[in-house]
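The lines below spell out each chain.
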Amino acid sequence: MLPKTLKAARTRRNWTEAEAAQRMGMSQSYLAMLEQGQRRVTPRLVHKFKAVYGLSPTVLPTSEVFEPRLSVTSEEFAKEVSALGYPGFAYLKSRVRERNPAEVLLEALTQDSLEPRVVESLPWLLLQYWDMDLVWLVRQAKGNNLQNRLGFVDSLAKKVSERSSPASEERNRKLTDLANTLDDSRLAREDTFLKRVNTAVEREWLRQNRSEEAKHWNLLTSWRPEHLSYAL
């Protein structure tokens, strides 16, 4: 979290340094040093600032080199997306600690197979948190050969965003920029999308019936924007 982000967040709240420091349970002088970059904002402090200042989960720390967990269950992802406010999982009583949505999205994309209800939530993460650090997201996606999967999720999110009313021009632009950036490193190999394809017959059916977006990103999947319950 950048020092200027702290000061801007406090200013938006119309809090003085003294008021904010009291709410954070720290001295005013220490808060001033954090805002001026004279003290490091630790991950623990980022979580606390996020809660006290009401900041977006996109401010939460991410790893410099992301090492995704493998074989995470759909139930675990459902709880993590629920913690980020996904309405489709509002019924879940999630007690997991909030994570940066970019990390949740990227880790989900590394899985071989996820339940459809979880796959459906992934474009929502881009729609809801389009202000996430896309530079970090792209760099880590490329490092894990996930640019095609991420590009396809972005295409679904962009279709939904363009149909929304009122339309968000800034969000549409960010999603378009993400697609263009990923397209430069699009992988030529064919891949599946969060679902195991067990037979040659199924593989050929998906190849013949996939959308143009799935074809562009070399993915075997039947997912389309109209399959998303939040698509307008």
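Residues numbered from 1 in each chain as written. Predicted model: local features only at pLDDT ≥ 70, side-chain atom pairs only at ≥ 80, totals over all residues. Heavy atoms only, no water.

Visitor: What is the right way to read the side chain of Thr110 from this model?
Guide: Take Thr110: it is sitting in the loop between helix 6 (101-109) and helix 7 (116-128). Polar side-chain contacts of Thr110 include one of 2.9 Å to the side chain of Gln111. For Thr110, the residues in contact, after removing those within four places along its chain, are Pro68, Arg69, Leu146 and Arg149. (Helix = DSSP H or I, 4+ residues; strand = E, 2+ residues; numbered from the N terminus. Polar contact = N/O pair within 3.5 Å; in protein donor to acceptor, adjacent residues only side chain to side chain. Contact = heavy atoms within 4.5 Å.)

Visitor: Help me understand the layout of surface pockets in this model?
Guide: Any space left empty among the atoms is revealed by the rolling of a water-sized probe across them. The calculated volume of the largest pocket comes to roughly 570 Å³. In terms of lining residues, the largest pocket is bounded by 23 residues, among which Met1, Leu2, Thr58, Val59 and Leu60 are the most central. Mapped by element, the contributors of at least two residues to the lining of the largest pocket are helix 4 (43-53) and helix 8 (134-143). A volume near 170 Å³ is recorded for the second largest pocket. If you go around the second largest pocket, you meet 13 residues; those closest to its centre are Phe193, Leu194, Lys195, Thr221 and Trp223. Residues of the lining of the second largest pocket, tallied by class, amount to nine nonpolar, three polar and one charged. (1 Å grid on protein atoms, 1.4 Å probe; cavity = no way out; pocket = protein on both sides within 12 Å on 5 of 7 lines; lining within 4 Å. Points joined across faces, edges and corners; volume = space filled by probe spheres on them. Nonpolar A, V, L, I, M, F, W, Y, C, P; charged D, E, K, R; others polar.)

Visitor: Even after reading the chapter, I still don't get the packing of aromatic side chains, so can you show me in this structure?
Guide: Two descriptors summarise a pair of aromatic rings, namely the distance from one centre to the other and the angle between the planes of the rings. What the rule picks out here adds up to nine aromatic pairs. On the basis of an interplanar angle of 65° and a centroid distance of 5.2 Å, the ring pair of Tyr86 and Trp124 is categorised as edge-to-face. On the criterion of sequence distance, the pair formed by Tyr86 in the loop between helix 5 (74-83) and helix 6 and Trp124 in helix 7 is long-range, its members being 38 residues apart. In this structure, Tyr86 and Trp124 share a single accessibility class: buried. (Phe/Tyr/Trp six-rings, centres within 6.5 Å; stacked < 30°, edge-to-face > 60°. Buried < 20%, exposed > 50% of the residue type's maximum accessible area, 1.4 Å probe, protein only.)

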